[in-house]
Amino acid sequence: MILVVDIMKGIQTQTAECLIIGELTCDKLLVVLNKTDLIPADKRADKIAKVRKKISLTLSKTKFKDAEIISCSAAEKDGVENLVSIISNSVVIGPRDFSGDFVFSVDHCFGVKGQGTVLTGTCLSGSISLNDTVKISNTKLEKKIKSIQVFRKSVDKLYQGDRAGICVAQFDPKLIERGLVYTGNVVKTVYAVIIDINKVAYYKGSITTKMKYHVSIGHETVLAQITFFKTESPTSEASFNMDHSYLYQDTYQEGDKGFALLQFEHPVLCVEESMVIISRLDMDINTPACRLAFYGKLRHIYTSPDYVSDELSELNIFKYKEREDRWRDE
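Here is what the cut-offs are and how they apply
- Residues numbered from 1 in each chain as written.
- Predicted model: local features only at pLDDT ≥ 70, side-chain atom pairs only at ≥ 80, totals over all residues.
- Heavy atoms only, no water.
- Helix = DSSP H or I, 4+ residues; strand = E, 2+ residues; numbered from the N terminus.
- Buried < 20%, exposed > 50% of the residue type's maximum accessible area, 1.4 Å probe, protein only.
- Contact = heavy atoms within 4.5 Å.
- Areas by Shrake-Rupley, 256 points an atom, 1.4 Å probe, with all protein chains shown as cover.
- Lys, Arg positive; Asp, Glu negative; His and termini not counted.
- Charge placed at Lys NZ, Arg CZ, Asp CG, Glu CD.
- Pairing = 2+ DSSP bridges.
- Right-handed = clockwise from strand over helix to strand, strands pointing away.
- Phe/Tyr/Trp six-rings, centres within 6.5 Å; stacked < 30°, edge-to-face > 60°.
- Lys NZ or Arg CZ within 6 Å of the ring centre and 35° of its normal.
- Core = buried A, V, L, I, M, F, W, Y, C linked by side-chain atoms within 4.5 Å.

K.L.:
Would you explain the overall build of the protein in this entry?
P.N.:
When you go through the protein residue by residue, the secondary structure sums to four helices and 21 strands. Along the three orthogonal principal directions, the C-alpha set of the protein runs to about 95 × 60 × 35 Å. Residues classed as buried in the protein amount to 40% of the 330 residues present. A separation threshold of at least 6 residues defines the contact pool for the protein, and within that pool the share at least 24 residues apart is 69%. Taken as a whole, the protein presents about 19,600 Å² of accessible surface, with 49% of it coming from carbon and sulfur. Positive and negative side-chain charges in the protein, numbering 43 and 43 respectively, have mean positions lying 6 Å apart.

This is the structure:
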């Protein structure tokens, strides 16, 4: 992960939140202090050293305590060659699994006159070949792949981990900006999910049942109403099981083996066992408070629009109730 910091502003709320997301999703970090050209030349070295020291102190409390911190000016191209060199030397191709269904995360879509529509993105799993048929999320359309390019070179096949562009015919690029292209039934339309809970240490607010939170899953962020519940005993099985009973929680308590039912305001597309990040994006971004509340992985999904009446009763959540009576002897 590359964390770009405006050297004139230092760590802001969104910078800290990116750092938290980095801790959840990757193991390596490179910090780039940009816009050094805005600092007067006679004060530049001292300013860079001061900001670097402050960021090193922040990183010392994370798993990125040994991360490299460099400075550059993108506007004047000062230090850019060094940045490119560091990135090139840091890139490691990890193990790839070409089995399973093809899933391609689309981040851009545009038309090419006389060719078709190009969808650019990254292959998350599986592989795909020329003339294979894929499904395009949110459209219910299936299209045949006309061509594939990886770094402007035409190839016959695309594998997990490849950054590529795939071209399909007779598809309106306005129908999708970001989303998923896939094969099989690996991508689900879900109306509610159950996740395990891991609280973000920097979040200081309470986490309360029935409140609405912003849920980020894949390319989408959607509001959801949340219900918290936990295992009844500390020695109970930590993984979620629909056959077990769980204790309702008004407020999530850190350290509990907790789970959450997320009921979305509208259905979303996701891959099973996806990472989910829950936030309070309605909080003021100009305050120093962390807006990321907790995160977890999908443990159960509800794919029916009638899940409340047809399936939700199978989730066994109970409350303890007490009753106190008073009487006096005559």
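K.L.:
Even after reading the chapter, I still don't get the pairing of strand 3 (residues 68-71), so can you show me in this structure?
P.N.:
Consecutive residues of a regular strand have side chains that alternate between opposite faces of the sheet. Two strands pair when backbone bridges link them, and strand 2 (residues 30-34) and strand 3 are joined in this way by four bridges, in the parallel orientation. Among the inter-strand pairings, V32 is bridged to a residue of strand 3, identified as I70. Following the chain from strand 2 across helix 2 (residues 41-59) to the adjacent parallel strand 3, one finds a crossover that is right-handed.

K.L.:
In this structure, what is going on with the pairing of strand 7 (residues 133-136)? I would like to understand it.
P.N.:
Residues V134 and I136 line the buried face of strand 7, whereas the alternating positions T133 and K135 sit on a face that is not buried. As paired strands, strand 7 and strand 8 (residues 141-150) are joined by four bridges and run antiparallel to one another. Bridge pairing links T133 to K144 in strand 8. Where strand 7 folds back onto strand 8 in an antiparallel hairpin, the turn is made up of four residues, including N138, whose phi is positive at roughly 70°.

K.L.:
Help me out: how do you make sense of the packing of aromatic side chains in this one?
P.N.:
The description of an aromatic ring pair rests on the distance of the ring centres and on the angle between the ring planes. Evaluated as defined, the whole model comprises 13 aromatic pairs. Geometrically, the ring pair formed by F98 and Y159 is tilted, given 4.6 Å between the ring centres and 45° between the ring planes. With F98 in the loop between helix 3 (80-90) and strand 4 (103-112) and Y159 in strand 10 (residues 157-159), this residue pair connects regions lying 61 residues apart in the sequence. By relative accessible area, F98 is classed as partly exposed at 40%. Each residue in the set Y213, F228, Y252 and F294 is aromatic and connected to the rest through ring pairs, giving one cluster. When the ring centre of Y248 is taken as reference, the NZ or CZ atom of K319 above it lies at 4.3 Å.

K.L.:
What am I meant to see in the nonpolar core here?
P.N.:
What tends to happen in soluble globular proteins is that the nonpolar side chains get buried as a cluster. Of all hydrophobic cores here, the largest spans 30 residues; its most connected members are I195, L262, F264, I278 and F294. What L262 contacts, discounting residues up to four positions off in sequence, is Y191, A192, V193, I195, V215, A224, Q225, I226, V276 and I278. If you look at the next biggest cluster of nonpolar residues, it comprises 19 residues, including I148, V150, I166 and I176.

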